[in-house]
Amino acid sequence: MQARSIPHVALVGVPNSGKTTLFNSLTGQRKKVANYPGVTVEPSVGIVRQHASAIALVDLPGVYSLSPKSTDEEITLRVLEGADPHLGSPDGVLLILDATNLEKGLLLFSQLASLGKPMLVALTMIDEVKRRSAMLDDIQLEATLGVKVIPIVGVKGIGITELRSELVNIEHWRTPFVHVPPDATIEDRISWARLVAAQVLREVHLDERSERIDRIVLHPLWGMVVFVLIMALIFQSIFTWAQPVMDWIDYGFSQLRAWMVGDAIAPPLWLDFLANGIVAGVGSVLVFAPQIFVLMVLVTILEDSGYLARAAFFVDAILGSFGLQGRSFIPLLSSYACAIPGILSARMIPSHAERMATILVAPLMTCSARLPVYTLLIAAFVPPVLVGGVISLQALVLGGLYLAAAVVGLCVAWLLRKTVLSSDRTPFFLEFPPYRVPHWRNVVVRAYGRMQDFFQTAGTVILALSVVLWALASFPRVEPQPTMSADHYRRMQLEQSYAAKLGKAIAPVFAPMHFDWQVTLGIIGSFAAREVFVSVMGQLYAVGGDDPSNLGLQHALQRQLQPPVAFAVLAFYMFALQCMSTIAVLRRETGSWRWTAFAFAYMLVLAYGAAALTYNITSALLS
Amino acid sequence: MLSLEQVEAGHVVRIVRLAGSQSFVERMKELGLVYDTVVEVVRRSPLGRTIQLRYGTSHIALRLSRNHMIGVEPLHQQIASVQPERALDYVV
């Protein structure tokens, strides 16, 4: 938390006004809390320095007015009113006015003026206005508003230096003119805003470029083609760009562990703890980084380009018929990398019922931690034959698992909205920003920030659980026999451990699908992160290594598991909420243990039912 | 009076009524959809009832529901076609 030795300035603007871009240019990467797709969901504080002075800039979620209608908008009002216990009352307000969207920004200005705080206005998208050959009179605007107005071309950084000098010079800021009385109606404010906008901005032409792009992107047929291609690109990139890097990280960490332990059959306890507790734990956190980063880069590019709003328009009709809405799209899409950023980004959904439904089904989307489990079991149990001579059966099964999860998720959302989360259908609206070319620096900074926050929330939980699991698997200690190999010893140790006892105690629960205690132990281990299943199998079947493409492990599984059991495990992993970090985030975002327990319970029932059903169907088919 | 949802793509109408929950009405007004504002229904979603609106310099996607409606009255077509390259004026 920032010491109040330097002044605090609240950064406010309507959604899509280029606020985060400006925040990044002003503060560099000194961010405390990252933001998430669509909106800044928590106040991020950055320091703006110029010469010897500095101020703290608080980036707030975009708002249309000071009467909040969603959770993220409430955060902004809370900070502006000085009700945030950490930040206190801001010393001044920096308002971003989007020159292409002046009317809404001025409406917000008329309300902010009533706060009576010193203000500064940054006028963005000047280049965009020029491109549409409109004329903008910022001097007239400054005279009307009564506060300093600084034109900014965000991407090129023009005006940034001047803005920075003005920002740190907070004692010279002026308090705005109050043109509209505090108790005025919205109509009065809009009339005033339109009047001012008409005075300072003339000859506004339609954005021809955006219109042209929209004619393709929102075309009933071509729009669908574009949408499918972009979604395919996202999934493709997760597999082909991120997967190799993930494999290197995985390989690097297993090499490091092997090197640490050396030739010792039974390494000393401290070394074992370091190698198989800490290093393995850090490895299982870091392995997520590439996928989350790639996904976040792509989501940020789509968002900054203006396409994401169009995609939401496209899918709103589909999501709407399942009781969700266009804004649920980003949370659900992000959940395909990891449910945690997905759940957090649901804050921009105004309707409580729709937001809760989105949050509760987000963990059903196939997150990247499920992939190693899927890859291992599919490689071991699905024959690599070509279907119709074109596509491999293995790829088909994998694709089917991804698709089925989405379909089931939508059906669950529909059911929730019909029962426990029923409410009137609420209207959906989303502004279309003009298309812009995303700026790479902004994209990287934001994607990095989003990844960092993942590590803060999920990383600690995963690491802590990895250590607990290590302890469960390492005690009571077993004395090595001289004739044993290291692999043999590790299996012995695990078989005698508390973890095995736990697995054996729970295994009877899974009797209908014939999960043995080893599989049960893998499921328990998955509470740290689902892909731990692979390394538990690796240790139990004493083949060493935790690489899902490891042929030794695949053969060992083929010997140990009946195919119906393997398919039942796949079905179980599709649905079960076996991820402690997600549970923690669910608790935080729903604000209730009851909803968290509900999410866990319904997903467990689904998983159990699906596993039992899969076991019975595949046994009947294969016998 | 028509409901905005009934307006065909490409048609220009004038808002005469907002009805629904207070937060809906308020939000629509904050977006600039106040009485007398002229809006064009640019296109309709191929899959459902979501529509794309244009008014002033704004474009928004909107899906109304049974209890939330925007009442509109048709305008004469020529107003929209007089200056097709110019952004729509707010009030006619």
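Residues numbered from 1 in each chain as written. Chains lettered and ligands numbered in written order. Predicted model: local features only at pLDDT ≥ 70, side-chain atom pairs only at ≥ 80, totals over all residues.

1. Observations regarding the nonpolar core
All names here are of chain A.
Here's step 1: The biggest cluster of nonpolar side chains holds 205 residues, and the ones touching the most others in it are V58, L95, V121, L377 and F572.
Here's step 2: The residues that make up this core include at least three from each of domain 1 (8-205) and domain 2 (460-622).
Here's step 3: In this view, V121 contacts L95, L97, L145, V147, K148 and V149; residues no more than four positions away in its chain are not counted. (Core = buried A, V, L, I, M, F, W, Y, C linked by C-beta atoms within 7 Å. Buried ≥ 20, exposed ≤ 12 C-beta atoms within 10 Å, placed from the backbone. Domains from an automatic or database assignment. Contact = placed C-beta atoms within 7 Å.)

2. A few points about the packing of helix α24 (residues 563-575) of chain A against helix α26 (residues 593-622) of chain A
Two quantities define a packed helix pair, namely the angle between the axes and the distance from one axis to the other.
All names here are of chain A.
Here's step 1: α26 packs onto α24 with a crossing angle of 155° between their chain directions and a minimal axis gap of 7 Å. Relative to α26, the element α24 lies roughly antiparallel. Regarding α24 and α26, the two cross each other, and that crossing is right-handed. Contacts between α24 and α26 pair P563, P564, V565, F567, A568, A571, F572, M574 and F575 from the former with M603, L606, A607, A610, A611, T614, Y615, T618, S619 and L622 from the latter.
Here's step 2: Its residues assigned to classes, the contact of α24 with α26 shows 16 nonpolar, three polar and no charged. (Axes fitted to C-alpha atoms, helices over the stretch in contact; angles between N-to-C directions. Helix = DSSP H or I, 4+ residues; strand = E, 2+ residues; numbered from the N terminus. Parallel < 35°, antiparallel > 145°, perpendicular 65-115°, else oblique. Left-handed = near helix turned anticlockwise from the far one by under 90°. Nonpolar A, V, L, I, M, F, W, Y, C, P; charged D, E, K, R; others polar.)

3. Overview of the sheet that holds strand β4 (residues 92-98) of chain A
For sheets, the rule is that strands pair by backbone hydrogen bonds, running either parallel or antiparallel.
All names here are of chain A.
Here's step 1: Sheet architecture is open: six strands sit in the order β2-β3-β1-β4-β5-β7, paired in mixed fashion. With one partner strand each, in any of the chains shown, β2 (44-50) and β7 (149-151) form the two edges of the open sheet. Adjacent strand axes in the sheet meet at a mean angle of 25°, parallel and antiparallel pairs treated alike.
Here's step 2: Relative to strand β5 (residues 119-124), β4 runs parallel, the two sharing six bridges. Directly across from L94, in β5, lies its bridge partner L120. (Pairing = 2+ DSSP bridges.)

4. A word on the sheet that holds strand β4 (residues 51-55) of chain B
Here's step 1: The seven strands are arranged β11(A)-β5(B)-β4(B)-β3(B)-β2(B)-β6(B)-β1(B) in an open sheet whose pairing can be described as antiparallel. At either end of the open sheet lies a strand with only one pairing partner, and these are β11 (428-431) of chain A together with β1 (2-3) of chain B.
Here's step 2: Relative to strand β6 (residues 69-74) of chain B, β1 of chain B runs antiparallel, the two being bridged by two bridges. The residue bridging L2 of chain B from the neighbouring strand is V72 of chain B, located in β6 of chain B.

5. Brief notes about the pairing of β6 of chain B
Here's step 1: In this structure, strand β2 (residues 12-19) of chain B lies alongside β6 of chain B, joined through six bridges in antiparallel fashion. Bridge assignment links R14 of chain B to a residue of β6 of chain B, and that residue is E73 of chain B.

6. A look at the interface of chain B and chain A
Here's step 1: Listed as interface residues are 34 residues of chain B and, on the opposing side, 37 residues of chain A.
Here's step 2: Contributions of two or more residues to the side of chain B that touches chain A are made by α1 (22-30) and β5 (58-63) of chain B.

7. Considering the confidence of the model for chain B
Residue and element names in this part refer to chain B.
Here's step 1: Across chain B, the average pLDDT comes to 82, with 82% of residues at 70 or higher.
Here's step 2: Per-element mean pLDDT across chain B ranges from 48 in helix α2 (residues 77-82) up to 93 in β2.
Here's step 3: The low-confidence segment residues 80-92, where pLDDT is below 50, has 26 contacts with residues more than four positions distant or belonging to other chains.
Here's step 4: Interface confidence for the predicted complex, expressed as ipTM, amounts to 0.84; the pTM equals 0.81. (pLDDT = per-residue confidence, 0-100.)

8. A few points about the domain arrangement of chain A
Here's step 1: Once the domains are mapped, chain A shows domain 1 (8-205) and domain 2 (460-622).
Here's step 2: Put simply, the middle of domain 1 of chain A and the middle of domain 2 of chain A, counted by C-alpha atoms, are 51 Å apart.

9. Quick notes on the confidence of the model for chain A
Here's step 1: Within chain A, residue pLDDT values average 85, and 95% of them lie at 70 or more.
Here's step 2: Scored below 50 in pLDDT, residues 32-40 of chain A shows 39 contacts in the model against residues more than four places distant or in partner chains.

10. Thoughts on the environment of S17 of chain A
Residues and elements named next belong to chain A.
Here's step 1: Turning to its location among the elements, S17 is positioned in the loop between β1 (8-13) and α1 (19-27).
Here's step 2: You can call S17 buried: it has 26 C-beta atoms within 10 Å.
Here's step 3: For the pair S17 and C367, spaced 350 residues apart in sequence, the C-alpha to C-alpha distance is 31 Å.

11. Describing the pairing of strand β3 (residues 38-44) of chain B
Looking along a regular strand, one sees the side chains alternate between the two faces of the sheet.
All names here are of chain B.
Here's step 1: Buried residues dominate β3, accounting for five of its seven residues.
Here's step 2: As paired strands, β2 and β3 are joined by three bridges and run antiparallel to one another. Among the inter-strand pairings, V13 is bridged to a residue of β3, identified as V39.
Here's step 3: Bridge count for β3 against β4 is four bridges, and the pairing is antiparallel. Within the sheet, the bridge partner assigned to R43 lies in β4 and is Q52.
Here's step 4: In this structure, the hairpin formed by β3 and β4 is closed by a connection of six residues.

12. Let's talk about unusual backbone geometry
All names here are of chain A.
Here's step 1: With omega at -10°, the peptide bond leading from F475 into P476 counts as cis.
Here's step 2: Relative to the assigned elements, P476 resides in the loop between α18 (440-474) and α19 (486-496).
Here's step 3: Notably, M125 is not glycine yet its phi reads approximately 65°, a positive angle.
Here's step 4: By the secondary structure assignment, M125 is in the loop between β5 and α4 (126-131).

13. Side note on the packing of helix α3 (residues 102-113) of chain A against helix α7 (residues 186-200) of chain A
All names here are of chain A.
Here's step 1: Axis separation between α3 and α7 bottoms out at 8 Å; the angle between their running directions is 125°. Accordingly, the angle class assigned to the pair α3 and α7 is oblique. Here α3 and α7 pass one another in a crossing that is right-handed. Taken together, the residues of α7 that come into contact with α3 (itself represented by L102, E103, L106, L107 and S110) are R189, I190, W192, A193, R194, V196 and A197.
Here's step 2: Its residues placed into classes, the contact of α3 with α7 shows eight nonpolar, one polar and three charged.

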